[in-house]
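# Tertiary structure, described
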Amino acid sequence: MSQQITLGKEISVRLLRDYIIEHKINPGDSIVVNPLNFEHLIEEARKSPEGIAIPLKLLGIIIAKDNTASVDIGKIQIVKNEHLNQ
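What you see is a predicted model; the values in this text were computed from it and never measured.

To continue, consider the layout of surface pockets. In this structure, the largest pocket spans a volume of roughly 250 Å³. Of all elements in the fold, only α1 (13-23), α2 (35-47) and β3 (57-58) reach the threshold of two or more residues within the lining of the largest pocket. The element contributing the most residues to the lining of the largest pocket is α2, with three residues. Its residues placed into classes, the lining of the largest pocket shows nine nonpolar, two polar and three charged.

Dropping the structure here:
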């Protein structure tokens, strides 16, 4: 899999949104996060006025939970041109 990028121990929707915009991540790409960070994102989405949609998407980018135990807490992996919801 691709390189891990450190964002910080607590990954938030705002932090991911800013990263996606700043680094021009393309729709169709996916961001994979540690299961603990993913649960935090799900909880944050549940509390938002917009609610939660499955699969979890942010600016057209799929946010996926790492099921392989390879992504460390506070880090993300960008998967290019993958559609993890298909």
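So that's the structure; there's more coming.
Judged by which residues are buried, strand β2 (residues 30-33) turns out to be covered on both faces: Ser30 and Val32 on one side and Ile31 and Val33 on the other are all buried. As judged from the four bridges shared by β2 and strand β4 (residues 61-65), these two strands associate in the parallel manner. Following the sheet pairing, valine 32 is matched in β4 by alanine 64. Relative to strand β5 (residues 75-79), β2 is paired through four bridges, and the arrangement is antiparallel.

Structurally, the position occupied by glutamate 43 is in helix α2. Each C-alpha atom, one on glutamate 43 and one on glutamate 22, is 24 Å from the other, the two residues being 21 residues apart in sequence.

Once that is clear, we can look at α1. Along α1, the positions that sit buried rather than exposed are Leu16, Tyr19 and Ile20. Looking down the long axis of α1, one finds its buried residues gathered within 100° of arc, a one-sided arrangement. Opposite its buried face, α1 presents the exposed residues Arg14, Ile21 and Glu22, each directed more than 90 degrees away. Buried residues along α1 sit in contact with β1 (4-6), β2, α2, β3, β4 and β5. Just downstream of α1, lysine 24 is the residue with a positive phi angle, here 50°.

Right, let's get into the side chain of aspartate 66. Positionally, aspartate 66 belongs in the loop between β4 and β5. Buried and without a salt bridge, aspartate 66 has lysine 65 as its closest oppositely charged side chain, separated by 10.0 Å. Within polar-contact distance, the side chain of aspartate 66 engages the side chain of threonine 68 at 2.6 Å. Excluding residues within four positions of it along the chain, aspartate 66 makes contact with Val32, Val33, Asn34, Pro35 and Val71.

Here is what the cut-offs are and how they apply
Residues numbered from 1 in each chain as written. Predicted model: local features only at pLDDT ≥ 70, side-chain atom pairs only at ≥ 80, totals over all residues. Heavy atoms only, no water. 1 Å grid on protein atoms, 1.4 Å probe; cavity = no way out; pocket = protein on both sides within 12 Å on 5 of 7 lines; lining within 4 Å. Points joined across faces, edges and corners; volume = space filled by probe spheres on them. Helix = DSSP H or I, 4+ residues; strand = E, 2+ residues; numbered from the N terminus. Nonpolar A, V, L, I, M, F, W, Y, C, P; charged D, E, K, R; others polar. Buried < 20%, exposed > 50% of the residue type's maximum accessible area, 1.4 Å probe, protein only. Pairing = 2+ DSSP bridges. Arc of directions from axis to C-beta. Contact = heavy atoms within 4.5 Å. Lys, Arg positive; Asp, Glu negative; His and termini not counted. Salt bridge = Lys/Arg side-chain N within 4 Å of Asp/Glu carboxyl O. Polar contact = N/O pair within 3.5 Å; in protein donor to acceptor, adjacent residues only side chain to side chain.

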